[in-house]
Amino acid sequence: MQLHGRDDDIKLLRSKLRELAKKDDCDEEDAAKNHVGEMILVSGTSGTGKSSLIQKGLGDPAANRGYIFASGKFEDKLLRPLSAFSDAMTCLAKCITVENNEKGGLLSSSGGSSIAALIRDKIQKEFDEEDVEQLRRVLPGCAELLRARRPSLFCPPSQSQADEASLYRGGSSSRLGSLNLLVGKESISQTHYAVRRLLKIVCSHFKGVVLFIDDLQWSDAATLDLLKSIVLDGEIPHLLIVGAYREDEVPE
């Protein structure tokens, strides 16, 4: 698709990919500490080419650089908390565990292990069983990366699990319905922290990861809060978050 009159916008988006590459040249630990979170927002009315602009400016060059470009899209009147973010994470997990491994593009330079295997091993070491189960409920499409530890013969539910009740907009029968089990500021904070830790592990294995969330005008408060938490974290390396929304349909 030819995008007329958008050359400056495309150049600006591509400059953000070059900034990710510069961060990769730094020491990994220093890069994480000095990283300043950033989220790019592209606005416009329906049919003005926002998604095509992002694909042209970020998606295509990301693939050429060996970066991961993963996207999710909100749908009108579909009350699924975190749906687009979860879909983007599903796309990210698929890139890691399936598509690029089949192409031989995600093999570690040390030891010949796949990056998927290294990420799984890191998750096993840094997350306890309850953390993994929480992430599996919120991000069901990441199940291949979140293989749970071998359970004990008897593992009664924790008090926090027993106390879980409805959060956000209830009544959802979707595959994200388990998100309704979270409750209160503490549980939300724990979920945000777990997602950020997961992204830190994943992104540290790549030169660049772009998460694109489309149609943010139909997003939910849970998604906006989570995105804010990720951007403000400051220790997730090589990550760029991009959002697009219809400026004439944003609720006042």
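Residues numbered from 1 in each chain as written. Predicted model: local features only at pLDDT ≥ 70, side-chain atom pairs only at ≥ 80, totals over all residues. Heavy atoms only, no water.

Overview of helix α9 (residues 221–233)
Taking 1.5 Å as the rise per residue, α9 with 13 residues should run 18 Å; its terminal C-alpha atoms sit 18 Å apart, in good agreement. Within the sequence span of α9, burial applies to Ala222, Thr223, Leu226, Leu227, Ser229, Ile230 and Val231. Among the residues of α9, the N-terminal cap falls to aspartate 220, whose side-chain oxygen and the backbone nitrogen of alanine 222 are separated by 3.1 Å. (Helix = DSSP H or I, 4+ residues; strand = E, 2+ residues; numbered from the N terminus. Expected span 1.5 Å × (residues − 1). Buried < 20%, exposed > 50% of the residue type's maximum accessible area, 1.4 Å probe, protein only. Polar contact = N/O pair within 3.5 Å; in protein donor to acceptor, adjacent residues only side chain to side chain.)

So, the sheet that holds strand β2 (residues 68–73)
Strand order in the open sheet formed by four strands is β1-β4-β3-β2, and the pairing between neighbours is parallel. Edge positions in the open sheet fall to β1 (39–44) and β2, since each of these has one partner strand only. Strand-to-strand twist in this sheet, taken as the mean axis angle between neighbours without regard to direction, amounts to 15°. With six bridges joining them, β1 and strand β4 (residues 239–246) adopt parallel strand pairing. Residue pairing across strands places serine 43 opposite tyrosine 245, the latter belonging to β4. On top of the sheet, helix α3 (residues 50–65) reaches β1, β2, β3 (209–214) and β4; it is set at about 165° to β4, its chief contact. Sheet strands touched by α9: β1 and β4. Its angle to β4, the strand with the most contacts, is close to 145°. (Pairing = 2+ DSSP bridges. Axes fitted to C-alpha atoms, helices over the stretch in contact; angles between N-to-C directions. Contact = heavy atoms within 4.5 Å.)

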